[in-house]
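A structural walkthrough
Here are the chains, one letter per residue:
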There are 2 protein chains.
Amino acid sequence: MKVQIIGLGLIGGSFALALRKASPGVEILGSDVNEDHLQKAQNLKLIDRPAGLDEVENADVVIIAVPVDVAKKVAIEVLDHVGINTLVFDAGSTKTGLCESIAAHPNRRNFLAAHPIAGTEFSGPAAAVEDLFCNKTNIICEVEKTAFKLQERALEIFQKLGMRIRYMDPKAHDRHIAYVSHLSHISSFMLGKTVLEKERNEKDIFDLAGSGFASTVRLAKSSPAMWTPIFQQNKDNILETLEEYINNLTKFKSLIENDNFNEVFLEMERTNHIKKILNGIN
Amino acid sequence: MKVQIIGLGLIGGSFALALRKASPGVEILGSDVNEDHLQKAQNLKLIDRPAGLDEVENADVVIIAVPVDVAKKVAIEVLDHVGINTLVFDAGSTKTGLCESIAAHPNRRNFLAAHPIAGTEFSGPAAAVEDLFCNKTNIICEVEKTAFKLQERALEIFQKLGMRIRYMDPKAHDRHIAYVSHLSHISSFMLGKTVLEKERNEKDIFDLAGSGFASTVRLAKSSPAMWTPIFQQNKDNILETLEEYINNLTKFKSLIENDNFNEVFLEMERTNHIKKILNGIN
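Attention in this report is confined to the structure presented alongside it. Residue numbering note: each chain is counted from 1, following its sequence as written. The naming scheme follows written order: chains are lettered A onward, ligands numbered 1 onward. Residue-level local features of this predicted model are given only where pLDDT is at least 70; pairs of side-chain atoms are given and counted only at 80 or more, and the full residue set underlies all totals for whole chains, interfaces and linings. Heavy atoms from the whole structure form the basis of all side-chain values; hydrogens and water molecules are not counted.

1. Things to note about the sheet that holds strand β7 (residues 137-141) of chain B
All names here are of chain B. Only strands that DSSP links by at least two bridges are regarded as paired with each other. For the purposes of this entry, the term helix denotes a DSSP run of H or I that reaches at least four residues, the term strand denotes a run of E that reaches at least two, and both are numbered from the N terminus. With respect to topology, eight strands assemble into an open sheet ordered β3-β2-β1-β4-β5-β6-β7-β8, the strand pairing being mixed. Looking along the sheet, the strands with just one partner apiece sit at the ends: β3 (49-50) and β8 (164-168). In this analysis, two residues are considered to be in contact whenever any of their non-hydrogen atoms come within 4.5 Å of each other. Inter-axis angles, ranging from 0 to 180 degrees, are taken between N-to-C directions of lines fitted to C-alpha atoms, where helices are fitted over the stretch in contact. Contacting β1 (2-6), β4 (61-64), β5 (87-90) and β6 (111-116), helix α3 (residues 68-81) crosses the sheet at an angle of about 165° to β4. With respect to the sheet, helix α5 (residues 148-160) is in contact with β4, β5, β6, β7 and β8, its orientation differing from that of β5 by roughly 55°.

2. A word on empty space enclosed by the protein
Residues and elements named next belong to chain A. A cavity here means a set of 1 Å grid points, computed over protein atoms only, where a 1.4 Å probe fits but cannot escape. A pocket is an open set with protein on both sides within 12 Å along at least 5 of 7 lines, and lining residues have an atom within 4 Å of a point. Grid points are joined across faces, edges and corners, and a volume is the space filled by probe spheres set on the points. Summed over the entire model, instances satisfying the criterion amount to one cavity of 30 Å³ or more. Computed from the structure, the largest cavity encloses a volume of approximately 30 Å³. Contributing to the lining of the largest cavity are V68, A71, K72, D90, G92, T94, L98 and Q233. Considered class by class, the residues forming the lining of the largest cavity number three nonpolar, three polar and two charged. Note on residue classes: Ala, Val, Leu, Ile, Met, Phe, Trp, Tyr, Cys and Pro are nonpolar, Asp, Glu, Lys and Arg are charged, and everything else, Gly too, is polar.

3. Considerations on the nonpolar core
By size, the foremost hydrophobic cluster in this structure holds 122 residues, and its most contacted members are F213, F231 and I256 of chain A together with F213, F231 and I256 of chain B. To define a nonpolar core, start from buried Ala, Val, Leu, Ile, Met, Phe, Trp, Tyr and Cys residues and group those joined through side-chain atoms within 4.5 Å. Accessibility here uses a 1.4 Å probe with only protein chains present; expressed as a share of the type maximum, an area under 20% marks a residue as buried, one over 50% as exposed, and anything in between as partly exposed. Membership of the second largest hydrophobic core comes to 37 residues, among which are L8, F15, L112 and L132 of chain A.

4. Regarding the interface of chain A and chain B
The interface is formed by 87 residues belonging to chain A together with 87 residues belonging to chain B. The term buried area denotes the loss of accessible surface (1.4 Å probe radius) that occurs when two parts are joined, taken as the sum for both partners. Around 8,600 Å² of area is buried between chain A and chain B when both sides are counted, 69% of it from carbon and sulfur atoms. In terms of surface lost to chain B, no three residues of chain A exceed V180, L208 and K221 of chain A, which account for 8% of the buried area on that side. Just to be clear on terms, a salt bridge is a Lys or Arg side-chain nitrogen sitting within 4 Å of an Asp or Glu carboxyl oxygen. Remark: the boundary between chain A and chain B carries ten salt bridges. A salt bridge links K253 of chain A to E243 of chain B, with the nearest nitrogen and oxygen atoms 3.4 Å apart. In protein, a polar contact requires one atom able to donate a hydrogen and another able to accept it; more generally it is a pair of N or O atoms within 3.5 Å, and residues adjacent in sequence count only if both atoms are side-chain atoms. Summed over the shared surface of chain A and chain B, the number is 33 residue pairs in polar contact (both at pLDDT 80 or more). Of all the elements in the fold, those that place two or more residues in the side of chain A that touches chain B are β7 (137-141), β8 (164-168), α6 (170-201), α7 (211-217), α8 (224-233), α9 (235-257), α10 (261-272) and α11 (274-281) of chain A. The biggest single contributor to the side of chain A that touches chain B is α6 of chain A, with 21 residues.

5. Let's talk about the pairing of β8 of chain B
All names here are of chain B. Alignment of β7 against β8, held across five bridges, turns out to be parallel. Among the inter-strand pairings, I139 is bridged to a residue of β8, identified as R166. A crossover connection joins β7 to the parallel β8 through α5; in handedness this β-α-β unit is right-handed. By convention, a crossover is right-handed whenever its connection, traced from the first strand over the helix to the second and viewed with the strands pointing away, goes clockwise.

6. Section: the packing of aromatic side chains
Only the six-membered ring of Trp is used, alongside the rings of Phe and Tyr, when aromatic pairs are assigned; centres must lie within 6.5 Å, and planes under 30 degrees apart are stacked while those over 60 apart are edge-to-face, with the rest tilted. This model, assessed by the stated rule, comprises 13 aromatic pairs over all chains. Taken together through their ring pairs, the aromatic side chains of F15, F89, F133 and F158 of chain A make up a single cluster.

7. Quick look at unusual backbone geometry
Glycine aside, negative phi is the norm for most residues, and most peptide bonds take the trans geometry. One non-glycine residue, E142 of chain B, lies in the positive phi region at around 50°. The residue D259 of chain B is not glycine, and still its phi comes out positive at about 55°.

8. Points about the packing of α8 of chain A against helix α10 (residues 261-272) of chain B
Interhelical geometry of α8 of chain A versus α10 of chain B gives an angle of 145° and a closest axis separation of 9 Å. In this structure, the crossing between α8 of chain A and α10 of chain B has a hand that is right-handed. Of the residues in α10 of chain B, those in contact with P224, A225, W227, T228, F231 and Q232 of chain A of α8 of chain A are F261, V264, F265, M268, E269 and N272 of chain B. Residues of the contact of α8 of chain A with α10 of chain B, tallied by class, amount to eight nonpolar, three polar and one charged. In this scheme, a crossing is called left-handed if the near helix is turned counterclockwise away from the far one by less than a right angle; it is called right-handed if the turn is clockwise.

Set out below in structure tokens:
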């Protein structure tokens, strides 16, 4: 099997490592606009050698793992070059814009829109992890628009990597994921910002931080280059989640202001119910 | 050494386990208003036997590990009963109210106000962890108000358990800890609430949640009985942090609304600086 990976960061690099383990003998080619990342990906043996768009025609699988704004353009360029049997899939955190941008492409059936719910707060080829996708959910959108044979090949690969498959339409995906992923990143970034601002005047504040703070603020280490276009493409859903989140915070603040600690207790108790749900995630 | 622990939940229970390991031969007595917890603490061998206030006089160390509203009353009751050589310390997440409530007590010098920055999102005796305090910060307030000999004994114990000591005045403690601990809990609870509310209409939403969401929402599993009095006692500081957090979220939302994604990028990039700081915590 010949795989070509476009974008050799955390996600692209982790696909390389996972595929090497799952499919011995696989040939992995790759590219990255960042020369340094491309060199590192070779040094780390993520890819066997660099390859450009002109080689896409001969690939069995092309994986697009670049920021979601770039992915829209890259997907079209790749589809312009695919062979009749080339499967192309992406791994982006927004799906509506991408699916719309390729909807009318003559080679649309070579494409499968995917979103593996997997990642860490780190980025770049050195952040790649072999088992990143193991036991993770992979959301596939508009599966009916992909050629049967290529659907099959994609599912075989995802199964080998240990992923659970969920099918959704792109709009539902973007709405749901705004809540369980995009909002978490904003809450974390703004929490980090709030404490950093305070630190300017009150030194040593972080010396008092424990594991609870580290956990809630972990995602504030994430890459702005990856997340800015996600927020841009999922703007409407994110604004809705942010509005609801800010309203809930404002209401909780009012309860404290008005010494309604009975209701503060009940608010937290009702939310404790999330324990059961989270046990299913971890 | 004879230790008496009042409150046999996560913190009290973890002190029991850690002291047994650090001081072989220690005798540990304990009490809990919750009969079930008291029984469990005996079954788990956290304590050797139950003991009431009447035995405080003969204890070398009394540890108060109850919710912060109860701690104020318990501290006074314990100080009413201490022997001349009894060290009493607490472990609560707010310090101003407690220090004020015991300020005029004739046995104030038997007391040391402490706050080990250690915990998990779980509670009760079964949640106790032997190495909970190892490599954690312990904030001590108003150390000068504790008798020299008892300061010494406390430091010996904290050192044996592997804790770093920081000295602060109670007001600075409460202000700092509002940022790096209390705010994280509220942001997490409200994030959980926002997503749970959405789930009522959109089933399966949690099926899409990954490790990022789990991390930011972990603290929403915390005990309302423990956290409500903390928010009550640290009301003013918490309202200030919440105001700043909500302002930052609202500004970020405006940037997205106005398509100012250049500034969205810069906001996140500036906050990325938190990476370096967090490396020091973990």
